[in-house]
Structure formats: C-alpha cells, structure tokens
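What follows is each chain in one-letter form.
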Amino acid sequence: MSEGKQFNHEQLRGARFHGCGLAQTEFDDVDLGESKFTDVNLQGANFSDVNLKGAKLSDVNLSDVSIDNANISGLTIFGWNITDLIKEAQQRKASN
C-alpha cells in the first residue's frame, strides 16, 4: 500500500499502472506526452493549463463536461469542425 506517497522529480517513463487506485491524485508539472489511457475513470477530474494538442479521444463520455478559455482551433467532433459551428451560431445570434 502506497497511499499518500509523494514522487518529486522522478523519472517514471515507460511505467505501467494496471488496476491501480489513483483517485484524488494530483499531477502538477507532469509530462504525460504520448501516454495511453484505456478504461480510465476521470469523473469529476479537474484539468487546468493542459495541452491536449493532437490528442485522440474515442468512446468517451463527455456528458456534463464544461470547457472554458480553450483554444479549439481545428477541434472536430464526429467530423464537424467545432470552431466553424460556434462562429455560425454567434453570427446567427448577432443577426437576431
């Protein structure tokens, strides 16, 4: 049992976590580039100052997700460019 353990400036590149309970864990100034997340529960997680450029999300539950202050250039969902859809909606709203 390693509950409450702290890792500072550790190099864990290539580590594998399987069946681990990491709820309420804090990641600060951590490089998770090219990491793979499968069957992961992030319900209620908080992401701030996160770079997801080039990330691929599939079979995800995004219900009740809130996104604020985000660069969404090039963001597509189900093949739809979200930036274009938002611009169109804002134009329709402004013309009413």
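Residues numbered from 1 in each chain as written. Predicted model: local features only at pLDDT ≥ 70, side-chain atom pairs only at ≥ 80, totals over all residues. Heavy atoms only, no water.

Secondary-structure assignment places T38 in the segment before β1 (76-77). Judged by its relative accessible area of 61%, T38 is exposed. Along the backbone, T38 and E88 are 50 residues apart, and their C-alpha atoms lie at a distance of 35 Å. (Helix = DSSP H or I, 4+ residues; strand = E, 2+ residues; numbered from the N terminus. Buried < 20%, exposed > 50% of the residue type's maximum accessible area, 1.4 Å probe, protein only.)

Moving on: helix α1 (residues 82-95). Between the first and last C-alpha of α1 there are 20 Å, a value that for 14 residues agrees with the 20 Å anticipated at 1.5 Å per step. Near the N-terminus of α1, the side chain that reaches the backbone nitrogen of T83, with its oxygen 3.0 Å away, is that of N81. (Expected span 1.5 Å × (residues − 1). Polar contact = N/O pair within 3.5 Å; in protein donor to acceptor, adjacent residues only side chain to side chain.)

Relative to the helices and strands, K93 is located in helix α1. Judged by relative accessible area, which is 67%, K93 ranks as exposed. A sequence separation of 26 residues divides K93 from I67, and the C-alpha atoms of the two residues are 20 Å apart.

The pLDDT averaged across the protein works out to 91; a share of 99% of its residues lies at or above 70. Model confidence for the protein, summarised as mean pLDDT per element, is weakest for β1 at 92 and strongest for strand β2 (residues 80-81) at 94. (pLDDT = per-residue confidence, 0-100.)

So, about the environment of F37. On the secondary structure map, F37 appears in the segment before β1. Once the C-alpha coordinates of F37 and L57 are considered, the two residues, 20 residues apart in sequence, prove to be 9.7 Å apart.

Our focus in this paragraph is unusual backbone geometry. With a phi close to 60 degrees, E34 is a non-glycine residue in the positive phi region. Within the secondary structure layout, E34 lies in the segment before β1. Unlike most non-glycine residues, D49 shows phi in positive territory, near 55 degrees. Considering the arrangement of structural elements, one finds D49 in the segment before β1. Accessibility expressed as a relative area gives 81% for D49, which makes it exposed.

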